[in-house]
Amino acid sequence: FMIYFSICTRKDNQPKSLEKLVNYCKGNEALRIQVNYSASSIYEGHKENIEFFEKMPLEDGDIIVLCHDDLEIISREEELIKNLRVARKPNVGFVGLAGGCYIPRDGAWWNARNTGDARGFVFQGKDHETMTPNYFGKSGQVVVLDGCLLAITYGNLKKVGLEKPDYLDSEWDFYDLHLTYEAHLRGYSNYVVPIVAMHESPGMMRQGWFTARDQFLKHHGQHLNYAKLPTDKTHGLP
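The sections below set out a description of the structure shown in this document. Bear in mind the structure is a predicted one, so any value in this text is a computation, not a measurement.

Definitions and limits used
- Residues numbered from 1 in each chain as written.
- Predicted model: local features only at pLDDT ≥ 70, side-chain atom pairs only at ≥ 80, totals over all residues.
- Heavy atoms only, no water.
- Pairing = 2+ DSSP bridges.
- Helix = DSSP H or I, 4+ residues; strand = E, 2+ residues; numbered from the N terminus.
- Axes fitted to C-alpha atoms, helices over the stretch in contact; angles between N-to-C directions.
- Buried < 20%, exposed > 50% of the residue type's maximum accessible area, 1.4 Å probe, protein only.
- Contact = heavy atoms within 4.5 Å.

## Description of the sheet that holds strand β1 (residues 3-8)
Thought 1: The 7 strands are arranged β2-β1-β3-β11-β5-β12-β9 in an open sheet whose pairing can be described as mixed. With partners counted over all chains shown, the strands left at the sheet margins are β2 (31-36) and β9 (140-142), one partner each. When strand polarity is set aside, the average angle formed by the axes of neighbouring strands in this sheet is 25°.
Thought 2: Where β1 meets strand β3 (residues 63-67), 5 bridges bridge the pair, whose relative direction is parallel. Paired with F5 across the strands is V65, a residue of β3.

## Here's the deal with the side chain of T231
Thought 1: Topologically, T231 is positioned in the segment after α6 (207-220).
Thought 2: Take T231: its relative accessible area is 10%, and that puts it in the buried class.
Thought 3: Other than its neighbours up to four places away in sequence, T231 contacts C101, G116, D117 and R119.

## Topic: the pairing of strand β7 (residues 118-124)
Thought 1: Most of β7 sits inside the fold, with 6 of its 7 residues counted as buried.
Thought 2: With 3 bridges joining them, strand β6 (residues 98-100) and β7 adopt antiparallel strand pairing. What sits directly across from G100, in β7, is A118.
Thought 3: Bridge analysis of β7 against strand β8 (residues 132-137) gives 5 bridges, and the strand direction is antiparallel. For F123, the partnering residue across the bridge sits in β8 and is P133.
Thought 4: Pairing of β7 with strand β13 (residues 197-199), which is carried by 2 bridges, proceeds in the parallel orientation. By the bridge assignment for β13, Q124 is matched with H199.

Rendered as structure tokens:
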């Protein structure tokens, strides 16, 4: 199987990590990467990249990685491939770097760690000398995943869909919770896997995120109260 990285970025002021990510993928024959420099939305950008991959051709068992442009992967290629392979296991939806076993009332998945219900680990910073570790919890099953890296088989992505939902106005915000929660609602199991990476983003939310958060919570309403996994029973990978 092949692994296809889809990146959406801008033409100017690109993060340092983008070039490193491109070189990382080009250094392994099992990895492919496509960068979209002028996407109108996160959804359209990834769809355009996938249309490019489909010419290769793309098989249902291949893995699509929807990845931020400011993420540097530190894990060795063989470790990355081993962990992404979890997405090919039966009934698995998305795998990623970090996420929550439920969606807190404020819509911020990372606040699930306040109750011991978050998973994952990521370095944050501009370079290796100054990056700091951000630990959320052990690897295992989650309800939703952070969008810095989301991997899923091409076959399952077609079932979950990569369309912008009607209830969200933003073209860029909250797509990660939408996609991973949609997979969860469809009966797939999402997982945090132990891929080591550095995220350049400091994690500050723009106003569009808060607006999208409110729309997401309003749309899903009380159903979120029932979407909580038993943390102590969902450690480890399938």
